Amino acid sequence: MAKAKDETAGLPAVDPAKTYRVKLARAIEVVPGIWARPFDHDVTIQGADIPTHGDAIVSYEEV
């Protein structure tokens, strides 16, 4: 079985305590019942949540 490619491998390390604006490849559930979609323009999440969404996050920047 092929290993999944880590899309964030070339990006800077994430500080779990900071907030990041993310670009999405697919919809993610940010909190129970609240979804962010790839065409949403301003999706911000805590750094600690970035690894939990895996390949759904294409890129991120600190805000």
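The structure this text deals with has already been given above.
Residues numbered from 1 in each chain as written. Predicted model: local features only at pLDDT ≥ 70, side-chain atom pairs only at ≥ 80, totals over all residues. Heavy atoms only, no water.

Structural notes on the sheet that holds strand β4 (residues 43–46)
So, step 1. Reading across the sheet, the three strands line up as β4-β1-β5 and stay open at both edges, with antiparallel pairing between neighbours. The sheet terminates laterally at β4 and β5 (57–62), the two strands that pair on one side only. Taken over all neighbouring pairs, the strand axes of this sheet differ in orientation by 40 degrees on average, direction set aside.
So, step 2. When strand β1 (residues 19–24) meets β4, the two strands line up antiparallel, connected through four bridges. Considered in β4, the bridge of Y20 is made with I45. (Pairing = 2+ DSSP bridges. Helix = DSSP H or I, 4+ residues; strand = E, 2+ residues; numbered from the N terminus. Axes fitted to C-alpha atoms, helices over the stretch in contact; angles between N-to-C directions.)

Things to note about the environment of G47
So, step 1. Along the chain, the position of G47 falls in the loop between β4 and β5.
So, step 2. On the basis of relative accessible area, G47 is assigned to the buried category, the value being 2%.
So, step 3. G47 sits 33 residues away from V14 along the chain, and the two C-alpha atoms are 5.7 Å apart.
So, step 4. Beyond its immediate chain neighbours, meaning those up to four positions away, G47 contacts V14, D15, P16, K18 and Y20. (Buried < 20%, exposed > 50% of the residue type's maximum accessible area, 1.4 Å probe, protein only. Contact = heavy atoms within 4.5 Å.)

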